[in-house]
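# Results of the structural survey
Spelled out, the chains give:
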There are 2 protein chains.
Amino acid sequence: MNDITGALLIGSRDIATERRFRAVDPASGAVLEPAFADAGPGEVAQAAALAAEAAPLYRAITPEARAAFLDAIAANIEAIGDELTARAAQETGLPAARLTGERARTTGQLRLFAGWVRAGGADEPRLDSPLPERAPLPRADLRMRHIGIGPVAVFGASNFPLAFSVAGGDTASALAAGCPVIVKGHPAHPGTSELVGRAIRAAVSDAGLPEGVFSLLTGTSNELGGALVADPRIKAVGFTGSRAGGLALCRIAAGRPEPIPVYAEMSSINPVFLLPGALNARAEALATGFVGSLTMGAGQFCTNPGLIIALAGGGLDRFIAAAATHVSSAAAATMLTPGIAGAYARGVATLEERADVAEVAHGNEGGPNSCRATLFVAEAAVFLSEPVLSHEVFGASSLVVRCADAGEMRAVARALEGQLTATLHLEPEDHALAAALLPILEDKAGRILANGWPTGVEVCHAMVHGGPFPATSDPRSTSVGTLAIRRFLRPVCYQDLPEALLPAAVQAGNPLGLPRLVDGKPETDGDARP
Amino acid sequence: MNDITGALLIGSRDIATERRFRAVDPASGAVLEPAFADAGPGEVAQAAALAAEAAPLYRAITPEARAAFLDAIAANIEAIGDELTARAAQETGLPAARLTGERARTTGQLRLFAGWVRAGGADEPRLDSPLPERAPLPRADLRMRHIGIGPVAVFGASNFPLAFSVAGGDTASALAAGCPVIVKGHPAHPGTSELVGRAIRAAVSDAGLPEGVFSLLTGTSNELGGALVADPRIKAVGFTGSRAGGLALCRIAAGRPEPIPVYAEMSSINPVFLLPGALNARAEALATGFVGSLTMGAGQFCTNPGLIIALAGGGLDRFIAAAATHVSSAAAATMLTPGIAGAYARGVATLEERADVAEVAHGNEGGPNSCRATLFVAEAAVFLSEPVLSHEVFGASSLVVRCADAGEMRAVARALEGQLTATLHLEPEDHALAAALLPILEDKAGRILANGWPTGVEVCHAMVHGGPFPATSDPRSTSVGTLAIRRFLRPVCYQDLPEALLPAAVQAGNPLGLPRLVDGKPETDGDARP
């Protein structure tokens, strides 16, 4: 049995505050014990001081030591046992099976980053050979590696209490990069956060790392997050949440005396293009797949398919009819928080009130804070003239946009804001239309799918869970997959440093065995380095 | 003979404006012909429209085609002949030999990026194999590559009229990344800019590329630069210049409805630590090397050594005495513009007026707009309590900070702002002190040198010309060397796309012959891709 005490975890210390808050079971509205510390600027300063002290020590450990630390976090999370998923279910209303899967995703993610660090994915060293005889000027001995950017603030997301929270993707990639992490736990699941936080803290201690490598602050105030992003010792921010929240953090970060990068994943409606051949071949099957993706997890995924785009015609009519049937019989599902359920209801109501948008189906009513799936249809001309129809309604609501022709479909694609994903359902006869859409979609989305559904984000090397604004605040990276490590790294070059002072990653003989570029080419055993 | 017409180069068209301006020869104050168009928001909109149109077409050409285009630009710049360096010398006051070297650096840089693009440095493809049998869920076929982020605005720098200007590092890396470029030429060298701009335009036309791949806007107003950064079609910005200028662009970029990255290289005083062993062994030789680096090019380098840090003692006294002698006999040199010369004189006067800073030497007086080298000394306690002593004085002025002991030296290191470079002069007996300084300097600088001088930035794979704020606005990258290409790229993932629709970089059989990661490991010929 692991204790949930309600304390903040600031380095190795448990810290209480006078102000406290409690979590709520969204399925029943019941208030959950215990009370949790509600951190503020004072606690931010304590955690940031420890993180700054830890940063140069932590980034100096070997890749193997860092990887073993990530592996230990994964093992410690598993060792919590069923208490973790049980508490997470209470705090989020998510079903146990989903949370068991999410735990596996979380530990798998930590282990993937461990392997990537071992493989040299953090350091990416490059060496350029000295050319002492070069005229008119010799070339120095230049060696570059990447180091952690410094302490990183990670904001836990509401919708993935494990995989995008305390030990989620941002924490895993920042720790893998060699950066201390201060997590601002999401106030909707503080008990889950504390359990995972203690698992990380134990790994810090067992590895003999400086305590400031990890702190967990829970709290309910915007002031807490603002103080964290404003603290001069914080060097980068990872955030998953609302557009308003992400933009607020971006403004704070940009307004600092020293601006810092914010990786905010914010808002995406994940357009799905149903091309004519696919609709003709399998409108009903598409409707089944679509409603499954739409209603999974009460639609509370960043990659939820909130927009369907298709050409008017019999195929689309069949799709809408079948989708309406499925939506009508969809069970209500508890949403993560009363706030999210309220925002969903308001978003749906806004569309229901419009004369130019037709509500073709809605799902069953449910208990408190539940999500009733809803399907709308609008003409492309309406969609193109009403920007509000592009706004995300977080939950199981989707809008079908009916296009008169391929030109209008391309116009809809061009009018889209930045997205995490864009999907094409197509048959070979649709390739010409798809080829015309692809360059537009590459400008709009981080991931382009064919004949699938955007929910389900594989944690791997080739994944991009990112995209142009407002899907994220920075389209140059991803929040899922090993490429995410680059978010929290910066390159440092060493010119003519004596061997005795060089970091191991760029020393002669490659003592860490990392893949390195020498004069722009992969290093081979035959490369003689002085 | 190449014509300098004074026109803006907007795609393939020469555009004149009613408002015009002329360049000035800083050595004589003479106004130079012809008059140049002074672009404003209207011209920005024209260039941006063409760039946005060109972007998807340009990024779709093969790496080989993009590399050949970069090579052609280099050849066209060489073909301009001596007219280019002669005009640049007139407009900047820089000596012909320096400009000849800078031209070679510029063309070498374009060719290095061409080679890097051929080697796959832009695409960095990654493929993860599908796992159709995996339980509980199969893994899709995931393939990722990098594409150009979109049209890039490049601000030419005053101090490198070729290598950091119209066809400079930012332009080369952005074009290499597959991004159209709009250059805002520096108004101090508009004739040089036009000559180089026409060389790029000819390469665009000869390669059959869309005209919007390149435009050159010259002008004198802040409004021009502001309109360029604010234009919604611009997706990233490269800038080299003053801290005030860079921060102004960052604010505009952060305040856009869609914020974009700004890579601004702004301000660095490039601290040089003279450790005791080195001072004892070779104080006079260090002084010679220092003053050579300080006065080169009238000190108008981002990497100019503006700060010397050493322990008090006989070695430092010898260094100061020898450096004072060299500075006293240093010839005056014409600065780039009357504005820069005026700012230098004011910066020096501010230090001269202080009772707590000693002026130990100054160089000879010169003609109009010339720089008189100046050397100051202050105690570390003064430096630590007076932030103004850390401000860059752009030109051949440097401050020696005398430390009482190694602890004070580390305190000075910790008090530094972010820097492009930090330098250690050391002997083996200094290694312990150097090892204690290194983790501090890694936090402060992009490049750490031993026993050299920071001026002279090699264009290669391992170079980092960047660093923490305020050296740059983004410490995650470099403005010199092949790593710079990552500034202008974003990853896109393709999930289960039919082979016929996949970009060549991620197709089966690797038709472009790029280095690729397959399941996290370098692809080998034996990797069978379906």
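The preceding data block contains the structure.
The structure contained in this document is the topic of the report that follows.

The rules behind the values
Residues numbered from 1 in each chain as written. Chains lettered and ligands numbered in written order. Predicted model: local features only at pLDDT ≥ 70, side-chain atom pairs only at ≥ 80, totals over all residues. Heavy atoms only, no water. Helix = DSSP H or I, 4+ residues; strand = E, 2+ residues; numbered from the N terminus. Rg over C-alpha atoms; globule rule 2.2 N^0.38 Å. Buried < 20%, exposed > 50% of the residue type's maximum accessible area, 1.4 Å probe, protein only. Contact = heavy atoms within 4.5 Å. Areas by Shrake-Rupley, 256 points an atom, 1.4 Å probe, with all protein chains shown as cover. Least-squares fit on C-alpha atoms with pLDDT ≥ 70 in both. Buried area = accessible area lost by both parts, 1.4 Å probe. Salt bridge = Lys/Arg side-chain N within 4 Å of Asp/Glu carboxyl O. Polar contact = N/O pair within 3.5 Å; in protein donor to acceptor, adjacent residues only side chain to side chain. Nonpolar A, V, L, I, M, F, W, Y, C, P; charged D, E, K, R; others polar. Pairing = 2+ DSSP bridges.

Quick look at the overall build of chain A now. Helix and strand counts for chain A stand at 14 helices and 23 strands. In summary, chain A has a C-alpha radius of gyration of 25 Å against a globular reference of 24 Å for 530 residues, a match within 12%. The C-alpha extent of chain A, read off along each of the three principal axes, is 75 × 65 × 40 Å. A total of 530 residues make up chain A; the buried ones form 62% of that total. Considering only contacts within chain A whose residues lie at least 6 apart along the sequence, 77% involve residues at least 24 apart. When the accessible surface of chain A is split by element, carbon and sulfur atoms take 56% of a total near 17,100 Å².

Turning our eyes to something else, we now look at the relation of the copies chain B and chain A. Superposing chain B onto chain A takes a rotation of 180 degrees combined with a translation of 0.0 Å along the rotation axis, leaving an RMSD of 0.0 Å. This pairing of chains is accounted for by a two-fold axis. Considering only C-alpha atoms, the residue of chain B closest to the rotation axis is alanine 254 of chain B, which sits at 3.4 Å. Of all interface residues in chain B, 100% are interface residues in chain A too; the two copies therefore contact each other through one and the same surface.

Between chain B and chain A, the contact holds 67 residues from the first and 67 residues from the second. Summed over both sides, the interface of chain B with chain A buries roughly 5,700 Å², with 57% coming from carbon and sulfur. For chain B, the biggest contributors to the area lost against chain A are Arg126, Glu442 and Arg476 of chain B; these three give 13% of the whole. The interface formed by chain B and chain A includes 12 salt bridges. Of the charged contacts in the structure, one is a salt bridge between glutamate 458 of chain A and arginine 134 of chain B, with a shortest N-O distance of 2.7 Å. At the surface where chain B touches chain A, the tally comes to 38 residue pairs in polar contact (both at pLDDT 80 or more). At the level of secondary structure, the elements contributing two or more residues to the side of chain B that touches chain A comprise helix 1 (41–59), strand 5 (126–128), strand 6 (142–148), helix 14 (431–444), strand 20 (445–450) and strand 21 (489–495) of chain B. Tallied by class, the residues present in the side of chain B that touches chain A amount to 39 nonpolar, 8 polar and 20 charged. Across 3 bridges, strand 21 (residues 489–495) of chain A lies against strand 20 of chain B in parallel orientation. In the sheet register, glutamine 495 of chain A faces strand 20 of chain B, and the bridge partner there is leucine 449 of chain B.

It is worth spelling out the side chain of glutamine 300 of chain A at this point. All names here are of chain A. Assignment of secondary structure puts glutamine 300 in the loop between helix 9 (276–295) and strand 13 (307–311). A distance of 2.8 Å separates the side chain of glutamine 300 from the backbone nitrogen of leucine 336, its partner in a polar contact. Leave out the neighbours within four places in its chain, and glutamine 300 touches Leu94, Asn159, Thr334, Met335, Leu336, Ile340 and Phe394.

It is worth spelling out the sheet that holds strand 5 of chain B at this point. An order of 15(A)-17(A)-18(A)-13(A)-12(A)-19(A)-20(A)-21(B)-6(B)-5(B)-22(B)-23(B) is seen for the 12 strands of this open sheet, with the pairing classed as mixed. With partners counted over all chains shown, the strands left at the sheet margins are strand 15 (358–362) of chain A together with strand 23 (521–522) of chain B, one partner each. Bridge analysis of strand 6 of chain B against strand 21 of chain B gives 7 bridges, and the strand direction is antiparallel. When the bridges of strand 21 of chain B are listed, isoleucine 147 of chain B appears paired with arginine 490 of chain B.

Further remarks concern the pattern of salt bridges. Enumeration over the complete set of coordinates arrives at 64 salt bridges over all chains. With a closest N to O distance of 2.8 Å, aspartate 443 of chain B and arginine 59 of chain A form a salt bridge. Taken together, the residues span two chains, with aspartate 443 of chain B in helix 14 and arginine 59 of chain A in helix 1 (residues 41–59). Its relative accessible area of 35% is what places aspartate 443 of chain B among the partly exposed residues.

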